[in-house]
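# Report on the structure
Next come the chains, spelled out residue by residue.
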Amino acid sequence: MALKVILYNVSLKLRFKKIGVRCYCTGKSDNILESAEEKPRYSEDEIIDTFEIEKKRNKSRLSEEHRNILFDQKPYDRPIEPFHNTVKYKKRILGRYGMHALGVPAGLAWPTPEQVEDSKEYESLLYSPDIQDRLRKIIEEKKEKEEAIIARQNQIAAKMVNMQKLIAEVQEKIAQKKQKELKAQLRKEEKIQEIRRSLIAKGGITKEKFKEALTVTEKDEKKQKKELKKAKILEKQMRLIAKWTKAQTEKNVDPNDEDSSAKPKK
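Residues numbered from 1 in each chain as written. Predicted model: local features only at pLDDT ≥ 70, side-chain atom pairs only at ≥ 80, totals over all residues. Heavy atoms only, no water.

### Description of the overall build of the protein chain
In plain terms, the rule: Segments assigned H or I by DSSP are reported as helices when at least four residues long, segments assigned E as strands when at least two residues long, and all are numbered from the N terminus. Partly exposed describes any residue whose relative accessible area lies between the buried limit of under 20% and the exposed limit of over 50%, with all areas from a 1.4 Å probe on protein chains only and scaled to the type maximum. By definition, residues are in contact when any of their heavy atoms lie within 4.5 Å.
Across its full length, the protein chain carries ten helices and zero strands. Order of helices (α) and strands (β) in the protein chain, N terminus to C terminus: α-α-α-α-α-α-α-α-α-α. By residue count, 6% of the 266 residues in the protein chain fall in the buried class. A separation threshold of at least 6 residues defines the contact pool for the protein chain, and within that pool the share at least 24 residues apart is 11%.

This is the structure in structure tokens:
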């Protein structure tokens, strides 16, 4: 049992010695704890390739361009296809990944004077009239609407000044209408009382006689109103006829005859 422990300790000691020789800058050391506190360094024989390390760290198995797109970077560091050298592709790279990913001056994204003139001509044909005229028209329409609103507000303010007068006139008309209705009601009650008195004087009041007498009086009133209306219309027509005849007589009078009648006879 003791032999197994000795062999195990010897093998463990040899393992730690190998690690110290390979990974630490100091020479051989029997003290494992002292050698563990030293800073590690790589031997000069080994060449560390960062590209290989990054490649080994890439566990997604994505291609380089797809991995760059995933990390919001430019897909290709150098042109792969012919269209990668076109201005359109470079503009797209500039818009997506910024100026640091373009690799050339950003002035290539600006249009040339010929392209500007072509764009103006295209817009003038596509949007007729042009944008400035449309904007000017919109501003004028907005101004007209504002002026109409201001005019309406001024009109309302002017009417509000005379509002008390209008209210008084309306109230007066309502009072006159109520007065007319009250007078009509009083006249109707007086007629009913007259009918009752007349029926009492004749011998008695019954429902049928009262109703009959009331209908007769209402018919007489309607007849009188019609006659009065006809008389007014006839009077109006007579006035118009008289006015027309007077105008005709004045038109038909000869001024020479008037002069001759005005001269004294010899």
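### Some remarks on unusual backbone geometry
Of note, Arg 61 is a non-glycine position whose phi angle comes to about 65°, a positive value. Mapping Arg 61 onto the fold places it in the loop between helix 3 (50-57) and helix 4 (64-70). On the accessibility criterion, Arg 61 (79% relative accessible area) is exposed. Located in the positive-phi region is Asp 72, a residue other than glycine, with phi close to 55°. Checked against the element boundaries, Asp 72 lands in the loop between helix 4 and helix 5 (87-97).

### A word on the packing of aromatic side chains
How we decide: To pair, rings of Phe, Tyr and Trp, with the six-membered ring standing in for Trp, must have centres within 6.5 Å; the planes then decide the type, stacked if under 30 degrees apart, edge-to-face if over 60, and tilted in the middle.
Counted under the stated rule, the structure contains one aromatic pair. Between Phe 83 and Tyr 89, the aromatic rings sit 5.6 Å apart at their centres with planes inclined by 80°, giving edge-to-face as the arrangement.

### Side note on helix 8 (residues 163-202)
The criterion, for reference: In this analysis, the expected span of each helix is defined as 1.5 Å times one less than the number of residues it contains.
In a regular helix each residue adds 1.5 Å, so 40 residues correspond to 58 Å; helix 8 covers 59 Å between its end C-alpha atoms and thus fits that length. Three or more residues of helix 8 are buried, namely Ile 192, Ile 195 and Leu 199. The secondary structure elements touched by the buried residues of helix 8 are helix 9 (207-252). With its phi angle positive at about 140°, Gly 203 sits one or two positions after the end of helix 8.

### Points about helix 5
Our working definition: Arc definition: it is the arc formed by the directions from the helix axis to the C-beta atoms.
Taken together, the buried positions of helix 5 are occupied by Tyr 89, Ile 93, Leu 94 and Tyr 97. Along the axis of helix 5, the buried positions cluster into a sector of 140°, meaning they face one direction only. Facing away from the buried side of helix 5 by more than 90 degrees, the exposed set consists of Lys 88 and Gly 95. On the buried face of helix 5, the contacting elements are helix 4. Trailing helix 5 by a residue or two, Gly 98 shows a phi angle of about 90°, which is positive.

### Let's talk about the side chain of Asn 68
As for its position among the elements, Asn 68 is in helix 4. Residues within four places of Asn 68 in sequence aside, it is in contact with Gln 73, Lys 74 and Pro 75.

### Quick look at the pattern of salt bridges
Note the following rule: Counted as salt bridges are all cases of a side-chain nitrogen of Lys or Arg within 4 Å of a carboxyl oxygen of Asp or Glu.
Applying the stated criterion across every chain yields a total of two salt bridges. The shortest N-O distance in the salt bridge between Glu 235 and Arg 239 comes to 3.5 Å. Of this pair, Glu 235 and Arg 239 are both found in helix 9, four residues apart, which corresponds to roughly one turn of the helix. Judged by relative accessible area, which is 48%, Glu 235 ranks as partly exposed.

### Let's talk about the confidence of the model for the protein chain
Note the threshold: The pLDDT value tells you how sure the predictor is about a given residue, anywhere from 0 up to 100.
The predicted model of the protein chain has a mean per-residue pLDDT of 76, with 74% of residues at 70 or higher. Predicted confidence for residues 258-266 stays below pLDDT 50, and this span has one contact to residues more than four positions away or in other chains.

### Describing the packing of helix 8 against helix 9
Using the following cut-off: For helices, the fitted line uses only the C-alpha atoms of the stretch in contact; every axis is such a line through C-alpha atoms, and the angle between N-to-C directions lies from 0 to 180 degrees. Orientation labels follow simple angle bins: below 35 degrees gives roughly parallel, above 145 gives roughly antiparallel, 65 to 115 gives roughly perpendicular, and whatever is left gives oblique. By the definition used in this description, the sense in which the near helix is turned from the far one sets the handedness, with an anticlockwise turn below a right angle giving left-handed and a clockwise turn giving right-handed. Gly is put with the polar residues, along with every residue not named as nonpolar or charged; the nonpolar set is Ala, Val, Leu, Ile, Met, Phe, Trp, Tyr, Cys and Pro, and the charged set is Asp, Glu, Lys and Arg.
The contact between helix 8 and helix 9 brings their axes to 10 Å, and the two run at 130°. Between helix 8 and helix 9, the crossing angle belongs to the class labelled oblique. Of the two possible hands of crossing, helix 8 and helix 9 adopt the one that is right-handed. From helix 8, Lys 191, Ile 192, Ile 195, Arg 196 and Leu 199 reach across to helix 9, where they touch Lys 209, Phe 210, Ala 213, Leu 214, Thr 217 and Glu 221. When the residues that make up the contact of helix 8 with helix 9 are grouped by side-chain class, the tally is six nonpolar, one polar and four charged.

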